Amino acid sequence: MSDFVKEDFKRMKVPNVEFIFPYVESLVHFKHNEKKTVECDENTNGANWNTSFTLEESRAKKLYKVAEKHFVDRCGKKEKFGAVHGYNEGEYQDKLQMRFRASLKAKTSAGKLNKQPPVVDSDGVPVTDRNFYTGSKGDIVFTMHPADNPTSGKKGISFILNKIILHDPIYGGEADGEDFDDMSADDQNDGLNDFDDEIPF
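**What about the overall build of the chain?**
Moving on, step 1. Along the chain, the regular secondary structure elements total 1 helix and 9 strands.
Moving on, step 2. For the chain, restricting intrachain contacts to residue pairs at least 6 apart in sequence, the fraction spanning at least 24 positions comes to 75%.

Below, the structure is given as structure tokens:
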């Protein structure tokens, strides 16, 4: 999609989410030949900061509906809504886990380097250690906008990562039950890196 107007971009703050595989300390990209996410520099194709996040089922379903409504409001009923890009769901610890993902490219389409998305504490002070782990909790601010997924061919909504507000971070020795050195755990081979996520306003 192209020729965006201001109304295509809807900024949202979702409180009390749990972060899953946050990559906001360093730039990363999905290495297709190894099928895993690895650190990279700003000149690597697909370089981005991103995090997945989850919330309880009732709020997750509401967020999905908000995204779908925004697509219909901006694209009309003639365009078929395909997906919230980066969304997936599955059973985790005997419960349904509904997972969303927000990301920000290293560079704009014009080649300008984007600023690292802010990560602050509950008082708005930038955190000194951005390398928090899955299970950390806080608020997330993102901008949703209509986008085509060039990999799946589906039209839908993409989330641009704007800001993270950490309330209960988890760091190295506090993590329980997962190998956080294995960066292949969150399969990002979903075409999200091909989106132009620059907000032109």
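**What to know about the nonpolar core**
Moving on, step 1. Of all hydrophobic cores here, the largest spans 36 residues; its most connected members are Phe-53, Leu-63, Phe-100, Ile-140, Phe-142 and Phe-159.
Moving on, step 2. Looking at this core, the elements that each hand over two or more residues are strand 1 (10-31), strand 3 (48-54), helix 1 (57-75), strand 6 (95-105), strand 8 (137-148) and strand 9 (155-168).
Moving on, step 3. Once residues lying within four places of it in the same chain are set aside, the contact partners of Phe-53 are Val-17, Glu-18, Phe-19, Ile-20, Leu-63, Met-98, Arg-99, Phe-100, Arg-101, Ile-140, Phe-142 and Phe-159.

**Considering the confidence of the model for the chain**
Moving on, step 1. For the chain, mean pLDDT is 86; residues scoring 70 or higher make up 84% of the total.
Moving on, step 2. Across the chain, the element-wise mean pLDDT spans from 86 in strand 5 (residues 88-92) up to 98 in strand 7 (residues 119-120).
Moving on, step 3. Across residues 177-201, where pLDDT falls below 50, the model places 74 contacts with residues more than four positions away in sequence or in other chains.

**Examining the packing of aromatic side chains**
Moving on, step 1. Overall, the coordinates contain 9 aromatic pairs when judged by the stated rule.
Moving on, step 2. Geometrically, the ring pair formed by Tyr-64 and Phe-81 is edge-to-face, given 6.0 Å between the ring centres and 85 degrees between the ring planes. In this pair, Tyr-64 is assigned in helix 1 and Phe-81 in the loop between helix 1 and strand 4 (83-84), connecting sequence segments 17 residues apart.
Moving on, step 3. Chaining the aromatic ring pairs together yields one cluster made of Phe-53, Tyr-64, Phe-71, Phe-81, Tyr-87, Phe-100, Phe-142 and Phe-159.

**Topic: unusual backbone geometry**
Moving on, step 1. Phi is positive for Asn-16, close to 55 degrees, though the residue is something other than glycine.
Moving on, step 2. Position of Asn-16 among the secondary structure elements: in strand 1.
Moving on, step 3. Although it is not a glycine, Phe-21 adopts a positive phi angle of roughly 50 degrees.
Moving on, step 4. Here Phe-21 shows up in strand 1.

How each quantity is defined
Chains are numbered independently. Their residues run from 1 in the order of the written sequence. Since the coordinates come from a predicted model, pLDDT governs what is reported: local features require at least 70, and pairs of side-chain atoms require 80 or more to be given and counted, while whole-chain, interface and lining totals use all residues. No hydrogens and no water enter the side-chain calculation; it runs on all heavy atoms of the structure. Helix and strand assignments come from DSSP, with helices taken as H or I runs of at least 4 residues and strands as E runs of at least 2, each series counted from the N terminus. Residues count as neighbours in contact if any of their non-hydrogen atoms are within 4.5 Å of one another. Take the buried residues of types Ala, Val, Leu, Ile, Met, Phe, Trp, Tyr and Cys, join any two whose side-chain atoms come within 4.5 Å, and each joined set is a nonpolar core. Partly exposed residues are those whose accessible area sits between 20% and 50% of the maximum for their type, while under 20% is buried and over 50% is exposed, using a 1.4 Å probe and protein chains only. Across the chain, each position has a pLDDT score giving the predictor's confidence in that residue, from 0 to 100. Pairing of aromatic rings covers Phe, Tyr and the six-membered ring of Trp, with a centre-to-centre limit of 6.5 Å; geometry is then stacked below 30 degrees between planes, edge-to-face above 60, and tilted otherwise.

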